[in-house]
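Structure at a glance
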Amino acid sequence: MNWRMRFHRWLHDSPGSPLRFVIVNFSILIGLGFIPGIVDATIGADEMRGGLTIWFAFIVGISGVAVFNVVVRLLALDYDEVKAALEEANN
């Protein structure tokens, strides 16, 4: 099984995967959400700090989570077929 299938199995189809899925997605959300906040804190005007930056950071984080999950699913489109073939070969 190649790296795409192993990563998909680790994230979606193994014991403990729901917790891993939540942790990975929450990490992406927080990690990408901090980028606009840090940029605003370093180069933003003091009078305009916060405000819409918080909403923008949330949108960036949610978008990153969505893109990550779509890419992982696209990389493993044939996962079920490969898994069935491996199980059949082992039996």
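Everything in this summary refers to the structure shown in the same document. What you see is a predicted model, and the numbers here were worked out from it, not measured in a lab.

Remarks on the environment of threonine 42
Looking at the secondary structure, you find threonine 42 in helix H2 (residues 17–43). Linking threonine 42 and isoleucine 54, residues twelve residues apart in sequence, is a C-alpha distance of 15 Å. Of note is the side chain of threonine 42, whose polar atom sits 3.1 Å from the backbone oxygen of valine 39.

Focus: the packing of helix H1 (residues 3–12) against helix H3 (residues 52–75)
H3 packs onto H1 with a crossing angle of 125° between their chain directions and a minimal axis gap of 9 Å. Taken together, the axes of H1 and H3 are oblique relative to one another. Read as a crossing pair, H1 and H3 show a hand that is left-handed. Listed contacts from H3 to Trp3, Arg4, Met5, Phe7, His8, Leu11 and His12 of H1 are Phe68, Val72, Arg73 and Leu75. A breakdown of the residues in the contact of H1 with H3 according to their chemical character gives seven nonpolar, two polar and two charged.

Description of the packing of H1 against H2
Between H1 and H2, whose axes approach to 6 Å, the crossing angle comes to 100°. Relative to H2, H1 is oriented roughly perpendicular. Side by side, H1 and H2 meet where Trp10, Leu11 and His12 of the first sit next to Ser17, Arg20, Phe21 and Val24 of the second. Classifying every residue of the contact of H1 with H2 gives four nonpolar, two polar and one charged.

Criteria and thresholds
Residues numbered from 1 in each chain as written. Predicted model: local features only at pLDDT ≥ 70, side-chain atom pairs only at ≥ 80, totals over all residues. Heavy atoms only, no water. Helix = DSSP H or I, 4+ residues; strand = E, 2+ residues; numbered from the N terminus. Polar contact = N/O pair within 3.5 Å; in protein donor to acceptor, adjacent residues only side chain to side chain. Axes fitted to C-alpha atoms, helices over the stretch in contact; angles between N-to-C directions. Parallel < 35°, antiparallel > 145°, perpendicular 65-115°, else oblique. Left-handed = near helix turned anticlockwise from the far one by under 90°. Contact = heavy atoms within 4.5 Å. Nonpolar A, V, L, I, M, F, W, Y, C, P; charged D, E, K, R; others polar.

Structural measurements only, silent on function.
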